[in-house]
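Examination of the molecular architecture
Spelled out from the first residue to the last, the chains are:
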Amino acid sequence: MPEAPLLQVRDLTVSFATRQGALRAVDGLSFDVGQKEIVGIVGESGSGKSVAIYSMLGLVREKNATITGSVLFEGREILGLSDKELQPIRGGSIGMIFQDPMTALTPVYTVGWQLVEQIRQHLHLPKAAARQRAIELLGQVGIPDPKSRVDRYPHEFSGGMRQRVVIAMALSCNPRLLIADEPTTALDVTTQAQILDLMLKLQDTYDSSIVIITHDMGVIAEMAHRVVVMYAGRPVEIARELDLVRHPRHPYTWGLLDAVPRLDAKHDRLRTIRGNAVSPLNLPPGCAFAPRCDYVMDQCAQRPPLQGDADHVDACWLSDAQRVTIRQRVEQPS
Amino acid sequence: MAAFGLLVVVVTACLLAPVYAHHIAHENPFTSNLNGTIRLGNKTVNVLQANTQGLGLGVTPIGPTWHFSTYFLGADSQGRDVFARLLYGGRTSLFIGFISAVICCVIASVLGLASGYFGGAVDWLISRIFDIVWAFPIYLLAISLSVVLLTSGLNIAFIHIQAGSLVLPILIIAAVFVPYVGRPIRGLVMSLKEREFIQAAIGAGASDFHILRKEILPNVMPSIIVFFPLMVAFNMLTESALSFLSIGVQPPAASWGTIINDGLDLLYTRPWVAMAPGIMIVITAGALNVLGDGFRDAFDPKAKLRGSI
Amino acid sequence: MIYFIVRRFASAVLVLFAISVSVFLIFFATPGVDPAARIAGRSASAQVLAHVAREFGLNRPLPIRYWLMMEHLFIKQDLTSYVNIGVRVVPQITQAAPITLSLVIGAAVIWMIVGVLGGVVAAANQGKFIDPFIMFIGIAAVSVPAYWLGEVMNLLTQSKFHSSIFAWVPPPGYVSFTTSPSEWFLHLLFPWLTLAALYAGIYARVLRAELVNALNEDYVRTARAKGLSERRILFRHALRCSLISIVSLFGLDFGALIGGAALLTEVVFGLPGVGMLTYTSLQNLDLPVIMGCVMYGAFFVVLANAVVDVLYAYLDPRVRLA
């Protein structure tokens, strides 16, 4: 019997009331995050992945937003808690890393001040001890000379260094779960790799679980144990990382994987998914991917359910046999 | 829209001032009427009555009659019809506010365009001039200029402007506000100059004059349009303040500021003399500000004139 | 920070020099204007004119004339009026200065408190009735002449309601703080409120806009994700960052106030400050006094702006480097 998952998301739906009608940014998202597990959520921009995790922690502040479903963290329902009730969870047992490190820190305080603020909020340490911990953390995330950098302002750090500060902040109170929203998107390529390595190393030290959101399959391949592929607010495939990369089942996942440039490329041209992501305002009634799918069938007018075996589910009407044929044709072009 | 309507009403009323003065009130609002009498109902009343209270010094002018035909808002201490003066004063105030805003915006645009477009020594010189005028408190600068020029007039080379002429306050007010419009325009031009379409025009060998006129000016225009009503309001307020200090519009000419000044001594006996022009200023400047806000929303949401009013 | 302060004050000194030269040029070198006749006042005798010409070196080169003016104003401080013969100008200004400062600083304290409170309340209650109300006050405030508002205040407190609710309001005038703090306060209360009313609305409006922007910033999301209380997010993060632009606005307005609205307000409320001094000297065309008031006033404003800029740099660490 496996231990209970740390985070259980069931049927999470976030919709915004707009002038053009209800906009479903997240539509029936369900997944689990186990102890010490790294789950990647992947999808194009606008696929609702960020909104989904912001909504879990009450960070979606728009008044016209409606959030339904269930999010169990350590067995406790956290969806719909008040700001006050969420306070110990935010930054305490769940740490967050944001996409753009350039704007994520308050510009008028030193990084040390901001770290100490969070440490004292959750761990109730005396000032000196909190500062000591802040310096320690900055050292752990690889900031050189943390003793003097602790009194510097965010604008005195480079982007990569700021992201390290944000990571230090997220880890400062030994969270059980770390949520990283596109943590490397705003950084240059060499820094990206360093930050990912750092996160893996720290995950090991701190025994925490990670949910990482990205549109980059490369990040998924490096980090994730399990992957949720999202399209237009809906999960279309959930599988272990190895299974997903080796035996992807959903046409959208095929597209994502084929769009990754590879050194051993057999094709001259990088393949892309045709068309643009659909607007969540006018989703087709059936499969949301149907308008862009090369293998669309009559059945696609109905919405496919997530199905498959326990470890690998996807939402597509294609039969196993059809999928095998299609993939063989793609793998061996004439 | 309501603001615009209000503005039209005020402007029309002021433009019709002579019609009112000559055909309805039959009073000359610029000459004293110390011994005049008017008929109210079936009584004859002196326009100015000797003070009966206190030391019995001075006079109390007639109060508002609320009849449009005569002394609607009463008389001032010279026995002049306040309502007629109010309309004439409005003409002057609006005229000064409007013309000085035009002059100010034109000068500021020329300087701002030159400074932002040519850069280098031109920019340095113009920016320093802006800096000094900017750092100089507006009223103190206006006071210095007014006090020197107003009594002796301006005589530079072939330009001769008589003392007491309306042109002086117009020029002074226009001058002190130039950096307030010129600086934002300079910044705008500098950022425009980096844009591709300007660079393309430069690369294509277009003349500076052509680029300024055809490419940059049309893109600066929305900001100027946004600034304009705000400048008219600013200028009107400045004019009224200078006139209140007796260094703006010179008597016997009237502006809303001079009438408020006339009314200062009558504040407790005949409050309408000072209140009416103030209310007119508030209405007009308020309408102009709302209009400016509207223009900003419509043309250029990012335009900022001093802070973010 | 020290470097910033030094640099800021060095540039202030340059500006002071530029302003003093402009004032000098306006008063002594405007074409077609005879400075001796202007300084000596109307119908001055030839003897007086000659004295003025000697005192200010009017037949000597411009730089020497500039130096003489500055010497009379700041070093010897022996500039005298020719309208009220023999009255020294500088002591008059230094006597009047505390009154103007009482007026301006008191008003600034009130409008900053009211403005910040109003802005925070409006931002915390976005979309409710207080929002358009503050918007309206902001527009009204930039459209009302200060001195006229002062007259309205006077009319209400001294005449219309003086026998009823405003019976406690003293007549216009000034009582120094050292004579009686409570009288000082009562005499200045309505002048303060007049000036504060003009600015509090604008500040509330600007701060509201800044706060609404700040609350949508990424760093506020970070602060919330850190588990901070909503109150702490609003005050320690959003408000702290929004205050930066309020302070820079304050620098501009405070200066404008000294050289502008405060001057007129003093006249209306009968406060014998620098503004009143300027006003009476304008009525008499007492040029030396006007020159002194303008110069001292402008200097004070420039220095006040420099102080505000230093405060600004203290609030916003990003500025210190620039």
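What counts, and at which threshold
- Residues numbered from 1 in each chain as written.
- Chains lettered and ligands numbered in written order.
- Predicted model: local features only at pLDDT ≥ 70, side-chain atom pairs only at ≥ 80, totals over all residues.
- Helix = DSSP H or I, 4+ residues; strand = E, 2+ residues; numbered from the N terminus.
- Contact = placed C-beta atoms within 7 Å.
- Buried ≥ 20, exposed ≤ 12 C-beta atoms within 10 Å, placed from the backbone.
- Nonpolar A, V, L, I, M, F, W, Y, C, P; charged D, E, K, R; others polar.
- Core = buried A, V, L, I, M, F, W, Y, C linked by C-beta atoms within 7 Å.
- Pairing = 2+ DSSP bridges.
- Axes fitted to C-alpha atoms, helices over the stretch in contact; angles between N-to-C directions.
- Expected span 1.5 Å × (residues − 1).
- Left-handed = near helix turned anticlockwise from the far one by under 90°.
- Parallel < 35°, antiparallel > 145°, perpendicular 65-115°, else oblique.
- Right-handed = clockwise from strand over helix to strand, strands pointing away.
- pLDDT = per-residue confidence, 0-100.

Details of the overall build of chain C
The number of helices and strands found in chain C is 14 helices and zero strands. Helices (α) and strands (β) of chain C occur, in sequence order from the N terminus, as α-α-α-α-α-α-α-α-α-α-α-α-α-α. If one aligns the C-alpha atoms of chain C with their principal axes, the spans along those axes are about 80 × 60 × 40 Å. A separation threshold of at least 6 residues defines the contact pool for chain C, and within that pool the share at least 24 residues apart is 71%.

A short note on the overall build of chain B
Of regular secondary structure, chain B possesses 10 helices and six strands. Expressed as a percentage of the 309 residues in chain B, the buried residues total 46%. The long-range fraction of contacts in chain B, counting pairs at least 24 apart against all pairs at least 6 apart in sequence, stands at 68%.

Quick notes on the interface of chain C and chain B
Taken together, the 48 residues of chain C in the interface contact 42 residues of chain B. Looking at the side of chain C that touches chain B residue by residue, the classes come out as 33 nonpolar, 13 polar and two charged.

Some details on the nonpolar core
Counting residues in each nonpolar core, the largest one holds 270 residues, and the members touching the most others are A:V211, B:A142, B:F177, B:V181, B:M231 and C:L195. With sequence-adjacent residues up to four places away left out, A:V211 is seen in contact with A:V33, A:V39, A:I41, A:I53, A:L177 and A:I179.

Here's the deal with unusual backbone geometry
For A:D11, which is not glycine, the phi torsion reads 55 degrees and is therefore positive. With respect to the helices and strands, the residue A:D11 is situated in strand β1 (residues 7–18). When the 12 C-beta atoms within 10 Å are taken as the criterion, A:D11 is described as exposed. The backbone of B:S246 sits at a positive phi, close to 65 degrees, despite the residue not being glycine. The topology assignment puts B:S246 in the loop between α8 (208–244) and α9 (256–264).

Description of the pairing of strand β10 (residues 234–240) of chain A
All names here are of chain A. The buried fraction of β10 amounts to six of the seven residues, a majority that puts the element mostly inside the structure. Where strand β9 (residues 226–231) meets β10, six bridges bridge the pair, whose relative direction is antiparallel. Bridge assignment links R226 to a residue of β10, and that residue is R240. The turn joining β9 and β10, which pair antiparallel and follow one another in sequence, is formed by two residues; a positive phi near 50 degrees is taken by A232. One ladder, built from three bridges, connects β10 with strand β12 (residues 312–314); its direction is antiparallel. Paired with E237 across the two strands is D314, which belongs to β12.

Quick look at the sheet that holds strand β11 (residues 307–309) of chain A
Residues and elements named next belong to chain A. Strand order in the open sheet formed by eight strands is β6-β7-β8-β3-β9-β10-β12-β11, with mixed pairing between adjacent strands. Edge positions in the sheet fall to β6 (94–97) and β11, since each has one partner strand and no second. Put simply, the sheet's adjacent strands are angled 15 degrees from each other on average, direction ignored. Pairing analysis gives four bridges linking β6 to strand β7 (residues 177–181), with the strands arranged parallel. Looking at the pairing, G95 lines up with L178 of β7.

A word on the interface of chain C and chain A
Facing the 20 residues of chain C at the interface are 23 residues of chain A. Put simply, the parts of the chain that give the side of chain C that touches chain A at least two residues each are α9 (218–225), α10 (230–258) and α14 (317–321) of chain C. Counting residues per element, the side of chain C that touches chain A draws most heavily on α9(C), at seven residues. Class assignment for the residues of the side of chain C that touches chain A results in seven nonpolar, four polar and nine charged.

Quick notes on helix α7 (residues 146–160) of chain C
With 15 residues, α7(C) should reach 21 Å at 1.5 Å per residue; the first-to-last C-alpha distance of 20 Å fits that figure. Among the residues of α7(C), those classed as buried are C:A146, C:Y147, C:W148, C:L149, C:G150, C:E151, C:V152, C:M153, C:N154 and C:T157. In this fold, the buried residues of α7(C) make contact with α8, α9 and α10 (272–299) of chain B together with α8 (181–215) and α11 (261–269) of chain C.

Notes on the environment of B:R183
Residue and element names in this part refer to chain B. Looking at where R183 falls in the secondary structure, it is placed in helix α6 (residues 167–194). You can call R183 buried: it has 22 C-beta atoms within 10 Å. Spatially, the C-alpha atoms of R183 and S127 are 8.0 Å apart, while their sequence positions differ by 56 residues.

Points about the sheet that holds strand β5 (residues 76–77) of chain A
Pairing within the open sheet is antiparallel, and its four strands lie in the order β2-β1-β4-β5 (chain A). Edge positions in the sheet fall to β2 (21–33) and β5 of chain A, since each has one partner strand and no second.

Some words on the packing of helix α5 (residues 89–124) of chain C against α10(C)
Relative orientation and spacing of two packed helices are given, respectively, by the angle between their axes and the distance between those axes. Residue and element names in this part refer to chain C. Two elements in contact, α5 and α10, have axes whose closest approach is 11 Å; the angle formed by their N-to-C orientations is 145 degrees. Crossing geometry of α5 relative to α10 is assigned as right-handed. Here V104, A108, V120 and A124 of α5 lie close against α10, whose contacting residues are L234, L239, F254, L257 and I258. Each residue belonging to the contact of α5 with α10 can be placed in one class, and the counts come to nine nonpolar, no polar and no charged.

Things to note about the packing of helix α3 (residues 82–118) of chain B against helix α4 (residues 120–135) of chain B
Residues and elements named next belong to chain B. Orientation of α3 relative to α4, taken along the N-to-C sense of each, is 140 degrees, at an axis distance of 7 Å. As judged from the angle between their axes, α3 and α4 are oblique. For the crossing formed where α3 meets α4, the hand is left-handed. On the side of α3, the interface is formed by L111, A114, S115 and F118, while α4 contributes G120, V122, D123, I126 and S127. Across the contact of α3 with α4, the residue classes break down as five nonpolar, three polar and one charged.

Here we look at the pairing of β7(A)
All names here are of chain A. Burial within β7 is extensive, with five of its five residues counted as buried. Burial along β7 is two-sided: L177, I179 and D181 and L178 and A180, pointing in opposite directions, are all buried. Two elements, β7 and strand β8 (residues 209–214), share five bridges in a ladder whose sense is parallel. The partner of A180 across the bridge, within β8, is I212. Traced from β7 through helix α7 (residues 189–206) to β8, the parallel crossover comes out right-handed.

A look at the confidence of the model for chain C
With 98% of its residues at a pLDDT of 70 or more, chain C has an overall mean of 83. When mean pLDDT is compared element by element in chain C, α9(C) scores highest at 91, while α14(C) scores lowest at 73.

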